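Close look at the chain arrangement
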Amino acid sequence: MSRFLLSLVFFAALSIGAGFLLSGDDFFDWGTALGLFGLALLGEGLRLRIRRGRTKTRQSSEI
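Residues numbered from 1 in each chain as written. Predicted model: local features only at pLDDT ≥ 70, side-chain atom pairs only at ≥ 80, totals over all residues. Heavy atoms only, no water.

This brings us to the overall build of the protein. Counting its regular elements, the protein contains two helices and zero strands. For the protein, buried positions account for 17% of its 63 residues. Here the protein has roughly 5400 Å² of accessible surface; of this, 66% comes from carbon and sulfur atoms. (Helix = DSSP H or I, 4+ residues; strand = E, 2+ residues; numbered from the N terminus. Buried < 20%, exposed > 50% of the residue type's maximum accessible area, 1.4 Å probe, protein only. Areas by Shrake-Rupley, 256 points an atom, 1.4 Å probe, with all protein chains shown as cover.)

Below, the structure is given as structure tokens:
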């Protein structure tokens, strides 16, 4: 779970940086920052779901 939180903090910082860099004359580009962070959340959630699915299939009832 710590890898998940660490990657979310990293992607949040990356999204904030991209929002500031791509803002132009505005103070902050919320659409870009939130869109990038949303993609990061989606990717990390998918990675977590795939990983949990693999661990469930490895737990078999064979003795």
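Now that the structure is up, let's keep going.
This brings us to helix α1 (residues 2–21). Helix length check: α1 (20 residues) gives 29 Å between terminal C-alpha atoms against 28 Å at 1.5 Å per residue, within 8%. Every buried residue belonging to α1 is among F4, S7, L8, S15, A18 and G19, and all of these are buried. Viewed end-on, α1 has its buried residues packed into an arc of 110°, placing them on one side of the element. Those residues of α1 that are exposed and aimed more than 90 degrees away from the buried face are S2, L5, L6, V9, F10 and L21. (Expected span 1.5 Å × (residues − 1). Arc of directions from axis to C-beta.)

Another aspect to go through is the environment of L39. By the element assignment, L39 lies in helix α2 (residues 30–58). Remark: the alpha-carbon pair of L39 and F11, spanning 28 residues in sequence, is separated by 9.5 Å.

Our focus in this paragraph is a nonpolar patch on the surface. A surface patch of nonpolar side chains, about 350 Å² in accessible area, is lined by I16, F20 and F27. Tracing the chain through its elements places F20 in helix α1. (Patch = residues over 30% accessible without salt bridge, like charges linked within 9 Å, V, L, I, M, F, W, Y side chains within 5 Å. Salt bridge = Lys/Arg side-chain N within 4 Å of Asp/Glu carboxyl O.)

Honestly, that's just the spatial picture; any functional story needs more than this.
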